[in-house]
Amino acid sequence: MVHWLDNGATKVDNLVLLCSFHHHRVHREKWHVVVEGDRRPSFVSPADIDPSRRRRRNLHGQPPDLLGGWRL
């Protein structure tokens, strides 16, 4: 994801749907959003929250066959 202020395109391939709380948190705390080949977003926290900066996914409501081994 590339924010539109950083010349990111305003198109479906560059969008992630977030509630207002999480949208503002991503910006305020400098989280990064990464979209994998399966088109689902992963979230990378800043180093002061997680020094290893591992990718995290929201697994709630996902069918088991789509989890792909990801765990929070």
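Residues numbered from 1 in each chain as written. Predicted model: local features only at pLDDT ≥ 70, side-chain atom pairs only at ≥ 80, totals over all residues. Heavy atoms only, no water.

## Structural notes on the pairing of strand 2 (residues 41-44)
- Alignment of strand 1 (residues 32-35) against strand 2, held across four bridges, turns out to be antiparallel. In the sheet register, V33 faces strand 2, and the bridge partner there is F43.
- Hairpin remark: strand 1 followed by strand 2, antiparallel, with five residues in the connecting loop; positive phi at R39, about 70°.
- Where strand 2 and strand 3 (residues 55-56) come together, two bridges link them in antiparallel fashion. Bridge pairing in strand 3 links F43 to R56. (Pairing = 2+ DSSP bridges. Helix = DSSP H or I, 4+ residues; strand = E, 2+ residues; numbered from the N terminus.)

## Examining unusual backbone geometry
- Positive phi, normally seen in glycine, also occurs at N7, with a value near 70°.
- Here N7 is to be found in the segment before helix 1 (20-29).
- One non-glycine residue, K30, lies in the positive phi region at around 65°.
- In this fold, K30 is placed in the loop between helix 1 and strand 1.
- Assessed through its relative accessible area of 57%, K30 is described here as exposed. (Buried < 20%, exposed > 50% of the residue type's maximum accessible area, 1.4 Å probe, protein only.)

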